[in-house]
Amino acid sequence: MLITPGKLLATINTPDDLRRLDKSLLPRVADELRQFIIDNVSVYGGHFGASLGVVELSVALHYVFNTPDDQLVWDVGHQAYGHKILTGRRDRFHTNRFYKGISGFPKRKESEYDAFGVGHSSTSISAALGMAVASQLQGNRQRNHIAVIGDGAMTAGEAFEGMNHAGATDSNLLIILNDNCMSIDPNVGALREYLTDITTSQTYNKVKDEVWNLLGKMSKFGKSAQDIVSKVESGIKASLLDQSNLFESLHLRYFGPIDGHDIDHLVSVLDDLKNIPGPKLLHCLTVKGKGYAPAEKDQTKWHAPGLFDKVTGEIKKKTFTTPQPPKYQDVFGHTLVELAEKNPRVVGVTPAMPSGSSMNIMMKVMPDRAFDVGIAEQHAVTFSAGMATQGEVVFCNIYSTFMQRAYDQVIHDVCIQELPVIFCLDRAGFAGADGPTHHGAYDLAYMRCVPNMIVAAPMNEQELRNMMFTAQSDEIQQGKQAFTIRYPRGEGVMPNWRTPLEQLPIGKGRLIQDGEGVAILTIGHIGNSAVDACTMLASEGIQPAHFDMRFVKPLDEALLHQIFQRFDRVLTVEDGCVMGGFGSAVLEFMADHGYVARVKRLGIPDAVVEHGEQIELQHECGFDPQGIAEAVRELLFAGRTVTV
Ligand SMILES: Cc1ncc(C[n+]2csc(CCOP(=O)(O)OP(=O)(O)O)c2C)c(N)n1
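Residues numbered from 1 in each chain as written. Predicted model: local features only at pLDDT ≥ 70, side-chain atom pairs only at ≥ 80, totals over all residues. Heavy atoms only, no water.

As annotated in an unreviewed UniProt entry, the protein chain is 1-deoxy-D-xylulose-5-phosphate synthase from Fibrisoma montanum.

Shown next, in the form of structure tokens:
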């Protein structure tokens, strides 16, 4: 189904087309852009509320600034749909997030208008500052560098690191703080409260009016621009004697707050700011989901709602006639509550993903024992470590990809200090449509090389529950090891998943199917694809043995000895990078013990794998059921003469 853009939007193929329009037409462009986003996302899916909230800002930025020469960096990038549509991707927008289609995030390879590739939050200030300083070094003082960052993304340390540096430079950097009071869930923390105070403060509103009146009198900043700016600055400072401004104190000129949906005003403010040199911040107030009533009302649900009926606002759910397996994240959420009910020391920590991780189930019933710490993975890990020093049993849930941010904290604050923090890594393996910035490809490799760390992956819901139960048991908590449990996005395989909780022996795998010729060793949920592969092979009279190893660290060495004594052909399968991961661990074992076997490793190759459905990507990388079956055949028959 092709979505037709509005008449005006249809004429905008590049921002140059937009810039040729009369300013009076911009509200219509914004309306048509908003409608085009609604039309597309309702049918093809994707992120939603965030892009609707910055429609006016997207139009105004491309109208005022000379993109792509001026550098525009979107933080996270889930809000950049309007930007994509205005910058030459309107007619491909229906392929957004589909296999081989355009990316759901800005991406340097995709367009010269995507100044910086994003997906993880809070990088925009550092990246835009880097560009600004480089422009200066290259003698270009005219170019503008703009970072658009949400109030959620602003809670991360990296955003502060960028501001701290920016304030000590005279670089041409404009930070636009897109303040909608929301992260995916409602934003949290003291900064949130500060931004609310600043927005509602009478002092600020007075200052704002004074500043803009003053700016309004100046149609163009001529050679006296510096004088005028410093007058504006002292105007602000004088009025703020009794209320310090966080951004001003970091030497960023603060402007706003302004209504981020008043496109006329936005354009004139941005026009003025364009002529003010040095690092500055414009505080814009917007509404997430703006212009689509259901999305304005339930902003968390409409962050990425899936397909929906745009007329009724009904979100489409697949219906099934038989009971379906739950999502792993929900098994985590419910099991955490179950464990916390029995063990008063159990607490939960999430960096800004209460809904995404299902930690919100615990937050609802035990609000004092579950913590959303904002988009702050490093803090989440060290905060967990601090609690563990006091004997709390901490389940710290972080998406595999975002845990990359907190690697030093895992080593320095948890493992070296022998603290038994439990890390639950959601979205491990291919993340799907979010693409390479979000694939949880590396965790098995980066966790298994850290001392004092147990690394496990459940093949199904029951195993996830048992691993969580085991991790919080006295035996583990009185030991000196952290415990990583990684599981994928999406559903498991057990509709009846509320199984009794059982202690698992650490470092023990299990036999799924005995067989001959080839031993398939799997880790985690991808083992189910090996089960499917074995079913396919059975019809050809091939029956490999299949072992679910459960633990990458410690490896089940006793089992591996048995396997290498019986099999000279071994296939390892993991939904993770083949370099350094589970298969590598098996190869290390083989070499260390002097076994000689043909080992084939399946997993994510040493390449950036783009976006698509998980199964499409697994197929591309050769470890979907067909790929696994083919690898078994290859191991069995390659190099052997077949007599017909
Ligand atoms: C490092 C990192 N952690 C978590 C996320 C998941 N995430 C994506 S968008 C988002 C909320 C961002 O909030 P904000 O910056 O205020 O933008 P809004 O969606 O409100 O427009 C989060 C937590 C991420 N992208 N990167």
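Novice: Got a sec to walk through the overall build of the protein chain? Specific residues and values, please.
Specialist: Helices and strands together make up the secondary structure of the protein chain, namely 27 helices and 19 strands. The C-alpha atoms of the protein chain give 27 Å as radius of gyration, which agrees with the globular expectation for 644 residues (26 Å, within 12%). Burial statistics for the protein chain: of 644 residues in total, 60% are counted as buried. Contacts in the protein chain between residues far apart in sequence, at least 24 positions, make up 78% of those at least 6 positions apart. Working note: accessible area of the protein chain is about 25900 Å², and carbon and sulfur atoms make up 52% of it. Of the charged side chains in the protein chain, 60 are positive and 76 negative, and the gap between their average positions amounts to 3 Å. (Helix = DSSP H or I, 4+ residues; strand = E, 2+ residues; numbered from the N terminus. Rg over C-alpha atoms; globule rule 2.2 N^0.38 Å. Buried < 20%, exposed > 50% of the residue type's maximum accessible area, 1.4 Å probe, protein only. Contact = heavy atoms within 4.5 Å. Areas by Shrake-Rupley, 256 points an atom, 1.4 Å probe, with all protein chains shown as cover. Lys, Arg positive; Asp, Glu negative; His and termini not counted. Charge placed at Lys NZ, Arg CZ, Asp CG, Glu CD.)

Novice: Give me the pairing of strand β1 (residues 71-74): which residues, what numbers.
Specialist: The two faces of the sheet receive side chains in turn, since in a regular strand these alternate between them. Residue alternation in β1 divides its side chains into two sets, Gln 71 and Val 73 and Leu 72 and Trp 74, and both sets are buried. Two strands pair when backbone bridges link them, and β1 and strand β2 (residues 145-150) are joined in this way by four bridges, in the parallel orientation. Bridging across to β2, Leu 72 finds its partner in Ile 146. (Pairing = 2+ DSSP bridges.)

Novice: For the side chain of Arg 427, give the residues involved together with the corresponding values.
Specialist: Here Arg 427 shows up in the loop between β11 (422-426) and α20 (443-448). A relative accessible area of 14% places Arg 427 in the buried class. Not counting residues within four places of it along the chain, the set of residues in contact with Arg 427 comprises Gln 329, Gly 356, Tyr 399, Ser 400, His 438, Gly 440, Tyr 487, Pro 488 and Arg 489.

Novice: Please provide a residue-by-residue account of the packing of aromatic side chains, values included.
Specialist: Throughout the structure, instances matching the rule amount to 19 aromatic pairs. Through pairs of rings, three or more aromatic residues link up here, namely Phe 48, Tyr 292, Trp 302 and Phe 308. (Phe/Tyr/Trp six-rings, centres within 6.5 Å; stacked < 30°, edge-to-face > 60°.)

Novice: Requested: an account of the UniProt feature "domain: Transketolase-like pyrimidine-binding" (unreviewed entry) in the protein chain, with residues and values cited.
Specialist: The feature "domain: Transketolase-like pyrimidine-binding" (unreviewed entry), as annotated in UniProt, sits at residues 326-495 in this numbering. In residues 326-495, the share of helix is 42% and the share of strand is 17%. The end C-alpha atoms are 6 Å apart. (UniProt positions renumbered as here; feature names shortened; annotations may be inferred.)

Novice: Explain the nonpolar core to me, and be specific about the residues and the numbers.
Specialist: For soluble globular proteins, nonpolar side chains are generally found buried alongside one another. In this structure, Leu 18, Phe 48, Val 59, Leu 61, Ile 176, Leu 270 and Leu 282 are the most contacted members of the largest nonpolar core, which totals 54 residues. No other element matches the nine residues that helix α2 (residues 26-44) contributes to this core. By size, the runner-up hydrophobic cluster in this structure holds 51 residues, among which are Val 347, Tyr 399, Leu 521 and Phe 547. (Core = buried A, V, L, I, M, F, W, Y, C linked by side-chain atoms within 4.5 Å.)

Novice: Mind laying out the pairing of strand β19 (residues 598-604), listing which residues take part and the relevant values?
Specialist: Judged from the six bridges that link them, strand β18 (residues 569-577) and β19 form a sheet pairing that is parallel. By the bridge assignment, Thr 572 is partnered in β19 with Arg 601. Assessed by its sense of winding, the connection that carries the chain from β18 through helix α25 (residues 582-592) to β19 is right-handed. (Right-handed = clockwise from strand over helix to strand, strands pointing away.)

Novice: Now, about unusual backbone geometry: what can you tell me, with residues and values included?
Specialist: With omega at 0°, the peptide bond leading from Gly 256 into Pro 257 counts as cis. Mapped onto the secondary structure, Pro 257 falls in strand β4 (residues 253-259). The step from Lys 553 to Pro 554 runs through a cis peptide bond, and the omega angle for that step is -5°. Residue placement: Pro 554 occurs in the loop between β17 (551-553) and α24 (557-566). Residues other than glycine seldom take positive phi values, yet Ala 352 does so here, at roughly 70°. By the secondary structure assignment, Ala 352 is in the loop between β8 (346-350) and α15 (354-357). A positive phi is found at Arg 550, a non-glycine position, where the angle reads about 60°. Tracing the sequence through the fold places Arg 550 in the loop between β16 (545-548) and β17. Given the relative accessible area of 13%, Arg 550 is considered buried.

Novice: Please give an account of the site of the ligand that cites residues and values.
Specialist: The ligand sits among 22 residues. The nearest are His 78, Gly 152, Met 182, Lys 288 and Glu 377. Contact between the ligand and Gly 119: a nitrogen atom at 2.9 Å from a main-chain N or O atom of the residue. Lys 288 places a polar side-chain atom, nitrogen or oxygen, 2.6 Å from an oxygen atom of the ligand. Of the residues belonging to the shell around the ligand, the class tally is nine nonpolar, nine polar and four charged. Viewed by domain, the shell around the ligand spans two of them, domain 1 (9-216 + 245-297) and domain 2 (328-486), each represented by three or more residues. (Near = heavy atom within 4 Å. Polar contact = N/O pair within 3.5 Å; in protein donor to acceptor, adjacent residues only side chain to side chain. Nonpolar A, V, L, I, M, F, W, Y, C, P; charged D, E, K, R; others polar. Domains from an automatic or database assignment.)

Novice: Quick rundown of the environment of Asn 164? Include the residues and the values.
Specialist: Relative to the elements of secondary structure, Asn 164 occurs in helix α7 (residues 157-166). Judged by relative accessible area, Asn 164 falls into the exposed class, the value being 52%. Considered as a pair, Asn 164 and Trp 497 are 333 residues apart in the sequence and their alpha carbons are 49 Å apart.

Novice: Provide a residue-level description of the domain arrangement of the protein chain, including the pertinent values.
Specialist: Structurally, the protein chain comprises domain 1 (9-216 + 245-297), domain 2 (328-486) and domain 3 (510-637). Once you take the C-alpha centre of each, domain 2 and domain 3 turn out to be 26 Å apart. Taken together, the contacts link 31 residues of domain 2 with 38 residues of domain 3. In total, about 2400 Å² of surface goes out of reach between domain 2 and domain 3, with carbon and sulfur atoms giving 60% of it. In terms of surface lost to domain 3, no three residues of domain 2 exceed Phe 430, Arg 448 and Met 459, which account for 38% of the buried area on that side. Joining domain 2 to domain 3, the criterion identifies three salt bridges. A salt bridge links Arg 510 to Glu 463; the shortest N-O distance between them is 3.0 Å. At the boundary of domain 2 and domain 3, one finds 20 residue pairs in polar contact (both at pLDDT 80 or more). (Buried area = accessible area lost by both parts, 1.4 Å probe. Salt bridge = Lys/Arg side-chain N within 4 Å of Asp/Glu carboxyl O.)

Novice: Can you tell me about the packing of helix α6 (residues 124-137) against α7, naming the residues and giving the values?
Specialist: The contact between α6 and α7 brings their axes to 7 Å, and the two run at 30°. Taken together, α6 and α7 sit at an angle that is classed as roughly parallel. Touching Ile 125, Ser 126 and Leu 129 of α6 are Glu 158, Ala 159, Gly 162, Met 163, His 165 and Ala 166, all from α7. Considering only residue class, the contact of α6 with α7 consists of five nonpolar, three polar and one charged. (Axes fitted to C-alpha atoms, helices over the stretch in contact; angles between N-to-C directions. Parallel < 35°, antiparallel > 145°, perpendicular 65-115°, else oblique.)

Novice: Outline the confidence of the model for the protein chain, listing residues and values.
Specialist: On average, residues of the protein chain score 94 in pLDDT, and 93% of them reach the 70 mark or higher. Helix α10 (residues 225-239) is the least confidently modelled element of the protein chain, averaging 57 in pLDDT, while β11 averages 99, the highest of any element. (pLDDT = per-residue confidence, 0-100.)

Novice: Please set out the packing of helix α14 (residues 328-342) against helix α21 (residues 461-471) residue by residue, giving values where relevant.
Specialist: Where α14 contacts α21, the axes come no closer than 10 Å and their chain directions differ by 35°. As α14 runs across α21, the sense of the crossing is right-handed. Contacts between α14 and α21 involve Tyr 328, Val 331, Phe 332, Thr 335, Leu 336, Glu 338 and Leu 339 on the former and, on the latter, Glu 461, Leu 464, Arg 465, Met 468 and Phe 469. Its residues placed into classes, the contact of α14 with α21 shows eight nonpolar, one polar and three charged. (Left-handed = near helix turned anticlockwise from the far one by under 90°.)

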